[in-house]
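Examining the three-dimensional arrangement
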Amino acid sequence: MRRIREEFLRHREASVLVVAIGLGLYFVSVTDVFVSYDNLVNISQATAPAAIVACGTVLLLVSGEIDLSVGVVAALAPFMMHYAIDFWGMPAIPAILLALLTGTAIGLGNGFVTVVLRVPSFVTTLGTFYVVTGVVLTTSHAYPAEIPAAVDGTIGQWLGAANWAHLGWALVIVTVLHILLTRTRWGLHTIAVGGNLLGASEAGVRTGRIKIGNFMIGGTLGAFAGLIEAFRIHTIDPNIGGGTGLMFTAVSAAVIGGTALAGGSGTIIGCALGALVLAELQNGMNLIGISANPYFLILGAAILLSMIANVSLTRLRRAGRT
Amino acid sequence: MTAILRTESLSKRFGAVTALQEVSLTLEQGEVLGLIGDNGAGKSTLVKLLCGFHQPDSGRILLDGEEIVLKSVRQARSLGIDIVYQDLALINELSVYHNMFLGREHVGFGRLLSNRRMRRLATEHLEAMGVRIPSVDVEVAKLSGGQRQAIAVARSVYSRSRILLLDEPLAAMGAKEGALILDLVSDLKARGEVSIVIIAHNYAQILEVCDRVNLLQHGTITFDKPTARTSLQELTDLVVAEYRRARTRGAGE
């Protein structure tokens, strides 16, 4: 019993996994449609963008920062691809790379203002959020655009139009970033920077580089999530990510997955499971015909509960009672 | 014995306040030097000059007889002079062995962390230094203040520091915890690889582990004797006498 509790406390993802499975079983018991092929595709497509953005959010939260602009970076990226191909005459692949690099560059800007100019990241990225929103709305005249013909084929299929593309990308990205956070120098330094900035820099960790790098990773992932969403819905919509929606979903997924906002701890697997729980909830409630409105009530309660659990679990572990 | 570290007429002012005045201190190879004195006597300032945190206004610092100019803590560390703070140094969220290797991790295939190797090396090193903890896998946050300090010291020794500066290593520590640190210092002394400067308030403990005691008063070293030739009584008398003089002066004004 003691051993089980120990393992459970050590692997914080376990509790989210239990919730995800429980929710799944519940919805299966009330509606057959939940595990139908089409619906599983739906759930995977709802989970993936949130999970991908949340991976970047976890890295940032662990290093003690936050990025409020990832959601609109997701909206900007497909437009960049559209402008590059249709207006500037770029070939498909370079245009897609440019779209991703736009996210990277916005992350670099956020990191620079936060680390070098010492503006708190909450404020930095709030500013960036509005600036990028303005750029998207101005340049698109707030109208959706067509997916450019050059990418509306195999490339589009690979990047999100195909049924399981979302799931595939999410699995790859979650795996890579999980290894990055838990098994590499970069991950160790990310935890150190968020846990004890001064101590980390005393030990020779390049704290500024770690933070800026994580902003860049987060921005790139935001751009990528925007691209795969555009290909899935087959439109470049200025409202991809729903303004703040995608960002808040990502932060929620991270928090539900056991990442502390205070920095120093968090898990990538947890945030992916958090994204799955949110997708299951929204999808399942939809299927059984509950209006979408209580979804927010449940989401809010889930965030509060998991945060309270997170804080008390940390205290328990610190008290050495594991 | 040869002096590993020497200062010649070190002075430091902060605005109108003279924190250190012409301090000449000598630390022998393998020696444990106790630095005592009242609050505001300049102990911490002196240590901060030696670890590169502050720069002196005048005077010289010599390492192995050669003059060095310390511009930063990092530079001092690269020369083998390391300051160990009680709590600042470690990352609570990381395991003991990750803390031991933070900033100089071992990596293997695909640049992934060689956790097994670091775990083994950390265990061996801590055992060799007589630092007892449940396991190198525990998060540092779970350890006591004494254990944390011991790990910070062990890490410093592992990174081949030759001179350790311990700023109030026994502050806010129970008797048992304090004994842990004193044992560690004694062990290090017996091995003779590092030389240590300890700042402390508790004279009895200083006498227990130090080879020599320096008393700082008003930014100057006023007393320098081997521990064997002084006593707790003498040190206490010196500080009390200073206190009395200050009070008489105060009353006379």
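Refer to the structure above for everything that follows.
Residues numbered from 1 in each chain as written. Chains lettered and ligands numbered in written order. Predicted model: local features only at pLDDT ≥ 70, side-chain atom pairs only at ≥ 80, totals over all residues. Heavy atoms only, no water.

Overview of the pairing of strand β5 (residues 58-63) of chain B
Residues and elements named next belong to chain B. Quick note on the threshold: Here the rule is simple: two strands pair whenever DSSP picks up at least two bridges between them. In this text, helices come from DSSP runs of H or I with a minimum length of four residues, and strands from runs of E with a minimum of two, each type numbered from the N-terminal end.
Summarising the sheet, strand β1 (residues 3-14) and β5 pair through five bridges and their orientation is antiparallel. Bridge pairing links Ser 11 to Ser 58 in β5. The pairing of β5 with strand β6 (residues 66-68) spans three bridges and is classified as antiparallel. Bridging across to β6, Leu 62 finds its partner in Glu 67. Here β5 hands over to β6 after two residues, with Asp 64 in that stretch at a positive phi of 55°.

Brief notes about the state of the cysteines
The condition that has to hold: Only a pair of cysteine sulfur atoms within 2.5 Å counts as a disulfide in this structure description.
According to the stated counting rule, one finds zero disulfides over all chains in the structure shown. Of the cysteine sulfurs around Cys 55 of chain A, a residue in no disulfide, the closest is that of Cys 271 of chain A, at 4.2 Å. Cys 210 of chain B takes part in no disulfide bond, and the closest cysteine sulfur, belonging to Cys 51 of chain B, lies 18 Å away.

Regarding the interface of chain A and chain B
The line we're drawing: Whether two residues are in contact is decided by their heavy atoms, any of which lying within 4.5 Å being enough. Accessible surface is computed with a 1.4 Å probe, and the buried area is the amount of it that two parts give up when combined, taken over both parts together. Criterion for a salt bridge: a side-chain nitrogen of Lys or Arg within 4 Å of a carboxyl oxygen of Asp or Glu. Polar contacts, as counted here, are pairs of nitrogen or oxygen atoms within 3.5 Å of one another; within protein the pair requires one atom able to donate a hydrogen and one able to accept it, and residues that are adjacent in sequence qualify only if both atoms are side-chain atoms. Here the nonpolar group is Ala, Val, Leu, Ile, Met, Phe, Trp, Tyr, Cys and Pro; Asp, Glu, Lys and Arg are the charged ones; every other residue, Gly included, is treated as polar.
Between chain A and chain B, the residue contacts involve 25 residues of the former and 25 residues of the latter. A buried area of about 2,100 Å², summed over both sides, lies between chain A and chain B, and 52% of it is on carbon and sulfur atoms. Taken together, the connections running from chain A to chain B amount to two salt bridges. For Glu 202 of chain A, the salt bridge is made with Arg 77 of chain B, and the minimal N-O distance between the two is 3.5 Å. Scanning the region where chain A abuts chain B turns up six residue pairs in polar contact (both at pLDDT 80 or more). Taken together, the elements giving at least two residues each to the side of chain A that touches chain B come down to α8 (165-183), α9 (185-195), α10 (197-202) and α14 (293-318) of chain A. Split into classes, the residues belonging to the side of chain A that touches chain B amount to eight nonpolar, twelve polar and five charged.

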